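Descriptive analysis of the structure
Given next are the chains, with one letter for each unit.
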There are 2 protein chains.
Amino acid sequence: MSQNLNGDRAHSAALKKSAKEADGRLARGDKTRAALLDAAFDEIYEHGFQSASLANILRAADCTKGSLYHHFPDKHALGLAAARANIGDHFQRMWFTPLATTEDPLTDIANCIQQYIDNGDERLFRLGCPLQNLSQEMSPIDEEFRLFLAETFANWRSALTSALSRGVDNGTVCQTANINQIAALVIASHQGNIGTLKATRDFSLAHDAMAALFSYLNTQRPAST
Amino acid sequence: MSQNLNGDRAHSAALKKSAKEADGRLARGDKTRAALLDAAFDEIYEHGFQSASLANILRAADCTKGSLYHHFPDKHALGLAAARANIGDHFQRMWFTPLATTEDPLTDIANCIQQYIDNGDERLFRLGCPLQNLSQEMSPIDEEFRLFLAETFANWRSALTSALSRGVDNGTVCQTANINQIAALVIASHQGNIGTLKATRDFSLAHDAMAALFSYLNTQRPAST
DNA sequence: TAAACTAGACCAACCGGTCGGTTTTAAAGA
DNA sequence: TCTTTAAAACCGACCGGTTGGTCTAGTTTA
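First, a word on what this report is: a plain description of the structure on this page. Computed from a prediction, not measured in an experiment: that's the story for all the values here.

Secondary structure summary: chain A contains 11 helices and 0 strands in total. Along chain A, helices (α) and strands (β) appear in the sequence α-α-α-α-α-α-α-α-α-α-α when read from the amino end. Contacts spanning at least 24 positions in sequence make up 70% of the contacts within chain A whose residues lie at least 6 apart. Of the roughly 10200 Å² that chain A leaves accessible, carbon and sulfur atoms contribute 51%.

Working note: a packed helix pair is described by the angle between its axes plus the distance between those axes. At a minimum axis distance of 6 Å, the contact between helix H10 (residues 179–200) of chain A and helix H10 (residues 179–200) of chain B shows a crossing angle of 100 degrees. Taken together, the axes of H10(A) and H10(B) are roughly perpendicular relative to one another. Residue-level contacts link Leu185(A), Ile187(A), Ala188(A), Ser189(A), Gln191(A), Gly192(A), Asn193(A) and Thr196(A) of H10(A) to Leu185(B), Ile187(B), Ala188(B), Ser189(B), Gln191(B), Gly192(B), Asn193(B) and Thr196(B) of H10(B). Class assignment of the residues belonging to the contact of H10(A) with H10(B) gives a composition of 6 nonpolar, 10 polar and no charged.

Ranked by size, the top nonpolar core spans 138 residues in total, and within it Trp95(A), Leu217(A), Trp95(B) and Leu217(B) carry the most contacts. Excluding residues within four positions of it along the chain, Trp95(A) makes contact with Cys112(A), Ile113(A), Tyr116(A), Trp156(A), Leu160(A), Val186(A) and His190(A).

Looking now at the protein's contact with DNA strand D. The full set close to DNA strand D counts 19 residues, and Ala52(A), Lys65(A), Tyr69(A), Thr32(B) and His71(B) are the nearest of them. Here DNA strand D approaches the protein such that, of its atoms within 4 Å, sugar and phosphate make up 65%. Contacts to DNA strand D include His71(B), whose side-chain N or O atom sits 2.7 Å from a phosphate oxygen. Going through the elements one at a time, helix H4 (65–71) of chain A together with helix H2 (28–47) and helix H4 (65–71) of chain B are the ones with two or more residues in the surface near DNA strand D. Of all the elements, H4(B) adds the most residues to the surface near DNA strand D, at 5 residues. Along the lines of polarity and charge, the residues of the surface near DNA strand D split into 4 nonpolar, 8 polar and 7 charged.

This part covers the relation of the copies chain A and chain B. Mapping chain A onto chain B calls for a rotation angle of 180 degrees and an axial translation of 0.0 Å; the resulting RMSD is 0.1 Å. Taken together, the rotation angle and the small translation identify this as a two-fold axis. Most of the interface of chain A is mirrored in chain B, where 100% of its interface residues are also at the interface.

Before going further, it helps to examine the environment of Leu131(B). Residue and element names in this part refer to chain B. By the secondary structure assignment, Leu131 is in helix H8 (residues 130–138). With 17 residues separating them along the chain, Leu131 and Phe148 place their C-alpha atoms 10.0 Å apart. If near-sequence neighbours (up to four positions away) are discounted, Leu131 is found in contact with Ile87, Phe91, Leu149, Thr152, Phe153 and Trp156.

Let us look at the side chain of His190(A). All names here are of chain A. Structurally, His190 can be placed in helix H10. Look at His190 and you get buried, because its relative accessible area is 4%. Every residue in contact with His190, bar those within four places of it in the chain, is listed here: Trp95, Ile113, Tyr116, Trp156 and Leu185.

The subject of this paragraph is the pattern of salt bridges. For side chains of opposite charge, pairing can occur when their charged atoms come near one another. All chains considered together, the criterion is met by 16 salt bridges over all chains. Between Asp208(A) and Arg157(B) there is a salt bridge, and its shortest N-O distance comes to 3.3 Å. A residue pair is termed interchain when its members come from two chains, as with Asp208(A) in helix H11 (residues 203–218) and Arg157(B) in helix H9 (residues 143–170). Judged by its relative accessible area of 16%, Arg157(B) is buried. One salt bridge in this structure joins Glu122(B) and Arg126(B), with 2.4 Å as the shortest N-O distance. Of this pair, Glu122(B) and Arg126(B) both sit in helix H7 (residues 122–127), separated by 4 residues, roughly a single helical turn.

Analysis parameters
Residues numbered from 1 in each chain as written. Chains lettered and ligands numbered in written order. Predicted model: local features only at pLDDT ≥ 70, side-chain atom pairs only at ≥ 80, totals over all residues. Heavy atoms only, no water. Helix = DSSP H or I, 4+ residues; strand = E, 2+ residues; numbered from the N terminus. Contact = heavy atoms within 4.5 Å. Areas by Shrake-Rupley, 256 points an atom, 1.4 Å probe, with all protein chains shown as cover. Axes fitted to C-alpha atoms, helices over the stretch in contact; angles between N-to-C directions. Parallel < 35°, antiparallel > 145°, perpendicular 65-115°, else oblique. Nonpolar A, V, L, I, M, F, W, Y, C, P; charged D, E, K, R; others polar. Core = buried A, V, L, I, M, F, W, Y, C linked by side-chain atoms within 4.5 Å. Buried < 20%, exposed > 50% of the residue type's maximum accessible area, 1.4 Å probe, protein only. Near = heavy atom within 4 Å. Polar contact = N/O pair within 3.5 Å; in protein donor to acceptor, adjacent residues only side chain to side chain. Least-squares fit on C-alpha atoms with pLDDT ≥ 70 in both. Salt bridge = Lys/Arg side-chain N within 4 Å of Asp/Glu carboxyl O.

What follows is the structure, given as structure tokens:
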């Protein structure tokens, strides 16, 4: 077994190649691999991992079974690699980057959340959050998926707490605030809000939950003296 | 087509019979029907609707295909009936009954939530909330499921708001409180909390979120004068 | 020429669903 | 009380289709 952490078969070679292609174009094999990851993520996002059809993925990636099973040992490895590639990017863009340097975390956390509800695309409202979907489906039945998802939650949490901790230091967050509790409620209420929206399609409910969270966040500011 | 709202085929006859059996024992047909609903709910709770196997359900209910398709037109109707039967009961017991007559809604809402985290069974933590699982999986792909789930959310919400409204009247909830916002945050954060717990298995995170919610709820009490 | 990659026919297992037939049940008739 | 009868309930072999996965052969690339 010469599998690496990404669960693919031909990655060491692919790395060698893509390192060579300094102009940004992908080598043939890497292009197929990337197309498979994209198609797999889309299919899994739409139907869940267990109901995701390899035939659909193959069609979307314009690729055949032989190629797929050259790049990945099985469906499980493909799904995990697709999740890693996409979910990481998403959290980086939506949370980690905005919070990495913020000087007013309570405001910017609220902005992150508002971003989802007000500027979310159609897929977000119809399909929800990929992290949450995979958590629901895969956590109980696959430990490898669960560990990756738990790790993502942990990263999310520490991005929130370190931003909040900076806020305590610079005086935008109350000294007595419990930053672990704030982070936990942000995560839970945001996840629950996106998830609930999927079934209810009731934006007023989502806006109410968001407003309540914001009013809670505002109680965590220092008393204006 | 002589189907009723429960999506079964043989219910009118079953009703006639069970009405006769005043001693509480179920007629043969009703017993298999109930066994099917139980087994279907368990299988769907464990694996999701799409991955639920009729063969497994049949084995658990000790019943054959012919029986199943005598009582229900298809897998979809079975799943929907199983969800209706179980989720309704659950919410009645956990939320509607405790909140129906409470004189101190903020306290009793907190108690409901605490009940889940502190006295939840193994399945709750491993598999999460059935309402949420079904919402995630079925809302995007099946309108009939979605409507049932949305209705359940709506009932939950109005149980919360009417309890809170009673609290405003009797002075246990602040006059200026926005009860819709409170209800929305309770639902979102509770759902998100249960869902997150499934992947992280981190009870400290769940307790933190709960503590934050409770501190928010306490800000909604009247100022003690 | 060796390794990486692509191709797609093929496979057993399982899927939800159908259907002709048998057994059980309860009410009606004698 | 016993018999008849029709419907309700149950049975399980069978069906076409799909699933994830395998395998051999051929092509491209370095």
